[in-house]
Amino acid sequence: MNLIPFLLVIPLAWALISLLLPRLPIGPIALLGMLVQSLATALLWRSVQLHGAERYAIGDWMAPLGITLVADGLTVTLLAITALIAMVCAFYALFYLRSHRHEARYFWPLFWFLLASLNGIWLAGDLFNLYVGLELVTFAAVGMVILSANRQTLAAGLRYLYMALLGSIGYLLGVALLYSAYGTLDMRQLAELIEPNWTTHVAMLSISLGLLVKTAIFPFHFWLPPAHGGALAPVSALLSALVVKSSFYILARLWLDVGADVLPVITAQGFGLIGACAIFYGGFKALQQDEIKMLVAYSTVAQLGYLMLVFPLAAGTAPEHSMLAWQGGMLHVLAHALAKSAMFLSVGTLVLAVGSKKIDALAGISTRIPLSLFAFGLAGVSLMGLPPSGGFNAKWLMLQSAIGSGQWHWVVVLSLGSLLTATYIFKVFRVSFDQQAIDSGKGLVKRAPWGMELSALFLAGLAIALGFAAALPVELLSLPEVESSLMEASQ
Amino acid sequence: MNLAFDVLLGIALLLCAAGVFYSRDLFRAVVMFIAFGLLLALVWVRLDAPDLALAEAAIGAGLTGVLMIDAVAHLSAKNAHHQGAQFDQTGARPQLWSRILPVFSAVIIFILLLGAIWWRPDAPVSLPDLVAESLPESGVEHPITAVLLNFRSYDTLLEIAVLLVAVVVAMALKPDTSEPEAGNSKDPILHGLSARLVPPMLVVGVYILWAGSYMPGGAFQGGAILAAALVFLKLAGFGIERLADSLLRIGLALGFIVFLTVATSVMIGGRPFLTYPESVAGELIFFIEAMLTFSIGLILFSLFSQAPPPVAPTSSLQGEQDER
């Protein structure tokens, strides 16, 4: 019995349940669903670890006629991190949504649709299917942003929607060109057929621009901070941790998996350059914010920049340096997902406790609500790239790759970026440890539900733990897919 | 002759597009957009893609147009105190660069695309041949329907989910305290017309659904016509959107539920996800399509009817309402 389709069927079924039966306790039922989902993910993970990548032809139609789903090392790693973060966010939302009755009704259906679409994207092996997945992600994500339906979130959500649709058009245009040139939408077949020619370059340019808009890479980042900063805390966590990674994942797969031979060095360096701009601009803007959620949202803009550095490090370099960059980049996806979701969840708790979004309102809270602040700090450690943490390992691998391939300019960017991150993280600490405010008894807060504090702490702890267990995902990433597909052919 | 027609069509299409962008009156822009959609449908006909033409006319021009007119009515009700539905409320002319930049980037994109199509390599794989080869096993005779509901049915399943999510978002935005709508007064002319128009619309919708298995047509187009009939009824003053909430929700999700259930239950027999048993493939596809038509019609209609009623209609709105 193959598990792959269940990773889609389970969230879709739960989406229908929570949509049609609102009188049931859909929160606890969602938690149950997350357990089932996590179990299925874990089993698939184990199976891929033992037997190598799996391919699944939907409807029993072989590509290019039908659609193939692929579960390789990268896919199952992303599936696992998605299930993990979504489960913690669901647990957090159980407590958080108590103070948001109206939003709770439609939060759950959209949560499940979002999960289904993310799983669909990680598993997709077909370019057009990825487009449909991106549409589903977009609509579910925009829907979750505007759940609270006030003036700010509506404006942010609408801007997000327009930019995401613009990105979709760019992506679709490129896919149509590739299809007309090569006659197939299957990514593995395309990898064998693709050649560097004008049509390919225009198509890849269009696809890349579309996906860069969706990933909110500088200079297309402007829609992200109001959308991620204005949403409910569990929504912000899901969006920053997972949703923006989905379009980056497609970009990375397309260039480094499918089109590695047609990627011009100048394009790869250009990707790195906008990544560097994102790191500095995002960090700089984060420092200027006076609302805590906006600070974290701009931090996402900066951290997404690191992902773009994978391209110049992985393309056109020696295989071992390329591999290091690829592993570092993917580890950064995981580390940032954990750290940023932890950060948004802990910030959500803090905002709820002090009743204000301003950073200044956090004055002296270090003695009042230490657990959430600790979670914020642990997540910050990983974002800064201090050892031991997942963020450190990711940046270490990327640094090694940059030094090894002699690209010293990226070494400078990586190090300065970490310093900038430290600056804005410490801005929050300077306020919260304000001795005067502590002494004067300021910063009296409401008690935060234990479940919320614990969720954030758990994710932050995992972000640190990833520093010790980085070998596990990295090993899986270097699973030789070629070998397993050969095995499949011989069967 | 055909060439002359195509050239004229192309020019008219471009003029309509320019009209949408450069018209300062929102209502005129929407009318241009609808005309653009209809011309685009003709382009699809000329390109031998009648399925796309049907969808474009019904959804692109028809329903989207209705939604846009509705939005304009909302905007002009809000701006009634200022100066109607104009783009810029200050009355200042837009900056020169904001007019030139779109044209400039459009020209660049056009040149890039032209090159990409001109120097396009010959596709090494011919998917249409493969579709034609496998058509007998698909259970239907029309290749488009075979692709949408069999070969690439997974895409269609997710597309239906996208529609469902869109309507869920619309429902989420609806305020909790929805007081009963201030009696949409029954328009006698529309009311009389609806008795004559709606039954044939429904028949056409069902026919298009049925035709989908052997010629252009299918669930999306049939659903769009069903939705149009519902929109017409609402405009004529029938309070059909006041269906019981739970009933409506089940109706919206029905197509997706049936599709997902069929897709999953075939796995009991050891087949992969979404593999119809060959002996009943045609029947299953038709059953799924019928349910989808019903749900798509309701979903498209709901997107229209979930919109909040215009705020405090003022006298300046009257003009638009008459035109509507």
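Note on numbering: residues in each chain are counted from 1, in written sequence order. Chains carry letters from A onward and ligands carry numbers from 1 onward, assigned in written order. Where totals are concerned, whole chains, interfaces and linings use all residues; where local detail is concerned, this predicted model gives features only for residues with pLDDT of at least 70, and gives and counts side-chain atom pairs only at 80 or more.

- An unreviewed UniProt entry annotates chain B as Multisubunit sodium/proton antiporter MrpB subunit of Aliidiomarina maris.
- UniProt positions are given in the numbering used here, feature names are shortened, and annotations may be inferred rather than shown by experiment. Here chain B is described in UniProt, under the heading Sequence similarities (unreviewed entry), as follows: "Belongs to the CPA3 antiporters (TC 2.A.63) subunit B family."
- Its UniProt record gives chain B a comment under Subcellular location (unreviewed entry), which states: "Cell membrane".

- By the naming in an unreviewed UniProt entry, chain A is Hydrogenase 4 subunit B, taken from Aliidiomarina maris.
- UniProt, in its Sequence similarities (unreviewed entry) section for chain A, records the words "Belongs to the CPA3 antiporters (TC 2.A.63) subunit D family."

**A few points about the overall build of chain B**
1) Next: Secondary structure is summarised from DSSP: a helix means a run of H or I of at least four residues, a strand means a run of E of at least two, and numbering begins at the N terminus for each. Counting its secondary structure elements, chain B contains twelve helices and zero strands.
2) Next: For chain B, the succession of helices and strands along the chain, N to C, is α-α-α-α-α-α-α-α-α-α-α-α.
3) Next: For chain B, the residues scored as buried account for 32% of the 324 residues in total.
4) Next: Sequence-distant contacts in chain B: of pairs separated by 6 or more residues, those separated by 24 or more amount to 72%. For the exposure call, what matters is how many other C-beta atoms sit within 10 Å of a residue's own: 20 or more marks it buried, 12 or fewer exposed, and in between partly exposed, using C-beta atoms placed from the backbone. Once C-beta atoms have been placed from the backbone, residue pairs whose C-beta atoms lie within 7 Å are recorded as contacts.

**Considerations on the UniProt feature "domain: NADH:quinone oxidoreductase/Mrp antiporter transmembrane" (unreviewed entry) in chain A**
1) Next: In the UniProt entry, the feature "domain: NADH:quinone oxidoreductase/Mrp antiporter transmembrane" (unreviewed entry) is given for residues 124-421 of chain A.
2) Next: Along residues 124-421 of chain A one finds 79% helix and 0% strand; the C-alpha atoms at either end are 34 Å apart.

**Side note on the environment of Pro50 of chain B**
All names here are of chain B.
1) Next: Relative to the helices and strands, Pro50 is located in helix H3 (residues 50-78).
2) Next: In the structure, Pro50 is positioned 47 residues away from Leu3 in sequence and 19 Å away in space, judged by C-alpha atoms.
3) Next: When near neighbours in sequence (up to four residues on either side) are disregarded, Pro50 contacts Val45 and Pro216.

**As for the packing of helix H14 (residues 319-354) of chain A against helix H16 (residues 390-404) of chain A**
Residues and elements named next belong to chain A.
1) Next: Every axis in this analysis is a line fitted to C-alpha atoms, fitted for helices over the stretch in contact. Angles between the N-to-C directions lie between 0 and 180 degrees. Put simply, H14 and H16 touch, their axes get as near as 8 Å, and they point 160° apart. By the angle between their axes, H14 is roughly antiparallel relative to H16. Classified by chirality, the crossing of H16 by H14 is left-handed. Facing His321, Leu324, Ala325, Gln327, Gly328, Gly329, Leu331, His332, Leu334, Ala335, Leu338 and Ala339 of H14, the residues of H16 in contact are Gly390, Gly391, Asn393, Ala394, Leu397, Met398, Gln400, Ser401 and Gly404.
2) Next: Each residue belonging to the contact of H14 with H16 can be placed in one class, and the counts come to ten nonpolar, eleven polar and no charged. If an angle is under 35 degrees, it is roughly parallel; if it is over 145, roughly antiparallel; if it lies from 65 to 115, roughly perpendicular; otherwise it is oblique. Helix crossings fall into two classes, left-handed where the near helix is turned counterclockwise from the far one by less than a right angle and right-handed where it is turned clockwise. Classification used: nonpolar for Ala, Val, Leu, Ile, Met, Phe, Trp, Tyr, Cys and Pro, charged for Asp, Glu, Lys and Arg, polar for all others including Gly.

**Things to note about the domain arrangement of chain B**
You'll often see interface size given as the accessible area lost when the parts meet.
All names here are of chain B.
1) Next: What counts as a domain boundary in this text is fixed by an automatic or database domain assignment. For chain B, the assigned domains are domain 1 (1-84) and domain 2 (140-309).
2) Next: At the junction of the two partners, domain 1 supplies eleven residues and domain 2 supplies 14 residues.
3) Next: Residue composition of the side of domain 1 that touches domain 2, by class: eight nonpolar, one polar and two charged.

**Description of helix H5 (residues 127-145) of chain A**
Three- or four-residue spacings in an α-helix give side chains the same orientation, since the helix completes a turn every 3.6 residues.
1) Next: If you check H5 of chain A, its first and last C-alpha atoms are 27 Å apart, about what 19 residues at 1.5 Å a residue would give, namely 27 Å.
2) Next: Where burial is concerned, most of H5 of chain A is hidden: 18 out of the 19 residues are buried. An expected span of 1.5 Å times one less than the residue number is assigned to each helix.

**Some details on the nonpolar core**
1) Next: By definition, a nonpolar core groups buried Ala, Val, Leu, Ile, Met, Phe, Trp, Tyr and Cys residues that are joined through C-beta atoms within 7 Å. The biggest cluster of nonpolar side chains holds 276 residues, and the ones touching the most others in it are Leu114, Ala342, Ala460 and Ala463 of chain A together with Leu164 of chain B.
2) Next: Discounting chain neighbours no more than four positions away, the residues touching Ala342 of chain A are Ala375, Ala379, Ala456, Leu459, Ala460 and Ala463 of chain A.

**Some words on the UniProt feature "domain: MrpA C-terminal/MbhD" (unreviewed entry) in chain B**
1) Next: In this numbering, the UniProt entry assigns the feature "domain: MrpA C-terminal/MbhD" (unreviewed entry) to residues 12-76 of chain B.
2) Next: Annotated as residues 12-76 of chain B, this span is 91% helix and 0% strand, and its ends, taken at the C-alpha atoms, are 29 Å apart.

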